[in-house]
Amino acid sequence: MIDVTAHLVYTATQACDALLQIEATSDDGQRCVQNRLSLRSGTQLREIDGEDCIGLRRWISVNTRLECQYQTQVEVLRPAVDLCQLPETPRHQLPAPVLQYLMPSRNCQSDLFLDFASIQFEGLAGGPLVQSMRDWIAANFVYDIFASHIGTTATDSFATQRGVCRDYAHVLIALVRAAGLPARFVSAYAPDVKPQDFHAVVEVFLDGAWHLVDPTGMAQPDEIVRICVGRDATDASFLTSYGFLTLEAQSVQVRRISA
């Protein structure tokens, strides 16, 4: 069982709307035993589904302050899977909703990685290809919390070979898509993330299903708690504001507990 607590505090200079997305989803791979969101300031306007109907987003009206506390306990049901045993799904058999994750996106310009992917990973396909890409990133990138910002793209991170989980995820997504496999961004919680924070991983569509991969190596698929998915971090941000918000405090604690 994974226990999650998150606390966010923002202030605003003028009233604005914000889209909040921090709650764990319940699906075939995980089950929320408890799920409590306390909105201490700000007013909830509406609940809507996340991308691909995964997760929950809340429209919040912010006057001068947004503060929320979130707590959940999640039973992760998905088993650990050996990527190297998974074949790719023929592209003509991909479900229609999956096709968007073959295409370049704002932060994952996969069309710029075509030459590198074909040369560096020549002769590989399916799960072994994805595993090799993940291993290449793990071996060549340095985790650096000062190396990127919200506008950093996969090509930026590839050039410096430095970044945080968001950047690692963007590069892996770009490489996988460049090889003609669907990949999407996943916002998540995980117990061994250092420094403790919201985490970003990748899902790759292999053998007819989505499978989690963490290019940072900090989280294992059978302990990752998914929040939401998207083409890249733009779709899966934990908070999107339509007006200027200033972060005053943020904490995330994720730990294993006995069931």
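Note that the coordinates shown come from a computational prediction; the quantities given were computed from them, not determined experimentally.

Rules used throughout
- Residues numbered from 1 in each chain as written.
- Predicted model: local features only at pLDDT ≥ 70, side-chain atom pairs only at ≥ 80, totals over all residues.
- Heavy atoms only, no water.
- Pairing = 2+ DSSP bridges.
- Helix = DSSP H or I, 4+ residues; strand = E, 2+ residues; numbered from the N terminus.
- Axes fitted to C-alpha atoms, helices over the stretch in contact; angles between N-to-C directions.
- 1 Å grid on protein atoms, 1.4 Å probe; cavity = no way out; pocket = protein on both sides within 12 Å on 5 of 7 lines; lining within 4 Å.
- Points joined across faces, edges and corners; volume = space filled by probe spheres on them.
- Nonpolar A, V, L, I, M, F, W, Y, C, P; charged D, E, K, R; others polar.
- Expected span 1.5 Å × (residues − 1).
- Buried < 20%, exposed > 50% of the residue type's maximum accessible area, 1.4 Å probe, protein only.
- Contact = heavy atoms within 4.5 Å.
- Polar contact = N/O pair within 3.5 Å; in protein donor to acceptor, adjacent residues only side chain to side chain.
- Left-handed = near helix turned anticlockwise from the far one by under 90°.

Caption draft 1: Examining the sheet that holds strand 4 (residues 43–49) more closely. The 4 strands are arranged 4-5-2-13 in an open sheet whose pairing can be described as antiparallel. Each end of this open sheet is capped by a strand with a single partner; those strands are strand 4 and strand 13 (239–242). Averaged over all adjacent pairs, the angle separating strand axes in this sheet is 20 degrees, with direction ignored. As defined by bridge partners, strand 4 adjoins strand 5 (residues 56–62) across 6 bridges and the pair is classed as antiparallel. Paired with Thr-43 across the bridge in strand 5 is Ser-61.

Caption draft 2: Broad picture of the layout of surface pockets. By volume, the largest pocket is sized at about 1,100 Å³. In terms of lining residues, the largest pocket is bounded by 30 residues, among which Ile-150, Arg-166, Ala-233, Ser-237 and Phe-238 are the most central. Within the lining of the largest pocket, the residues separate by chemical class into 17 nonpolar, 10 polar and 3 charged. What the second largest pocket holds in volume is close to 540 Å³. Taken together, 27 residues form the lining of the second largest pocket, with Arg-78, His-211, Leu-212, Val-213 and Pro-221 sitting closest to its centre. Secondary-structure elements contributing two or more residues to the lining of the second largest pocket are helix 2 (126–140) and strand 11 (209–213). Among the elements that line the lining of the second largest pocket, the one with the most residues is strand 11, at 5 residues.

Caption draft 3: Quick look at the sheet that holds strand 3 (residues 30–41). Ordered in space as 3-6-1-14, the 4 strands form an open sheet in which the pairing is antiparallel. Strands with a single pairing partner mark the edges of an open sheet, and in this sheet they are strand 3 and strand 14 (245–256). Here the strands of the sheet are splayed against their neighbours by 10 degrees on average, with no regard to which way each runs.

Caption draft 4: Just helix 4 (residues 165–178), in detail. The first and last C-alpha atoms of helix 4 sit 20 Å apart over 14 residues, in line with the 20 Å expected at 1.5 Å per residue. Counting buried residues along helix 4, 14 of its 14 residues qualify, which places the element largely inside the surrounding structure. Just past helix 4, the residue Gly-180 takes up positive phi, approximately 85 degrees.

Caption draft 5: Spotlight on the pairing of strand 1 (residues 2–12). Buried residues dominate strand 1, accounting for 10 of its 11 residues. The sheet contact formed by strand 1 and strand 6 (residues 65–76) spans 10 bridges and is antiparallel. Residue pairing across strands places Val-9 opposite Glu-67, the latter belonging to strand 6. Pairing between strand 1 and strand 14: 11 bridges, direction antiparallel. By the bridge assignment for strand 14, Asp-3 is matched with Arg-255.

Caption draft 6: Structural view of the environment of Arg-256. Mapped onto the elements, Arg-256 comes out in strand 14. With relative accessibility at 42%, the residue Arg-256 sits in the partly exposed group. Along the backbone, Arg-256 and Gln-73 are 183 residues apart, and their C-alpha atoms lie at a distance of 9.4 Å. With residues near it in sequence (within four places) discarded, Arg-256 still touches Met-1, Ile-2, Pro-191, Asp-192 and Glu-223. Side-chain polar atoms of Arg-256 contact the side chain of Asp-192, separated by 2.5 Å.

Caption draft 7: Structural view of the packing of helix 2 against helix 4. Here helix 2 crosses helix 4 at 145 degrees, and the two axes come no closer than 10 Å. The way helix 2 lies across helix 4 gives a crossing that is right-handed. Here Val-130, Met-133, Arg-134 and Ile-137 of helix 2 lie close against helix 4, whose contacting residues are Tyr-168, Val-171, Leu-172, Leu-175 and Val-176. Looking at the contact of helix 2 with helix 4, its residues break down into 8 nonpolar, no polar and 1 charged.

Caption draft 8: Fine view of the pairing of strand 9 (residues 183–189). Burial of strand 9 is extensive: 7 of the 7 residues sit out of reach of the surface. What you see with strand 9 is no split at all: Ala-183, Phe-185, Ser-187 and Tyr-189 on one side and Arg-184, Val-186 and Ala-188 on the other are buried throughout. With 6 bridges connecting them, strand 9 and strand 10 (residues 199–206) associate as antiparallel partners. Considered in strand 10, the bridge of Arg-184 is made with Glu-203. Note that strand 9 and strand 12 (residues 225–230) share 5 bridges and pair antiparallel. Looking at the pairing, Val-186 lines up with Val-229 of strand 12.

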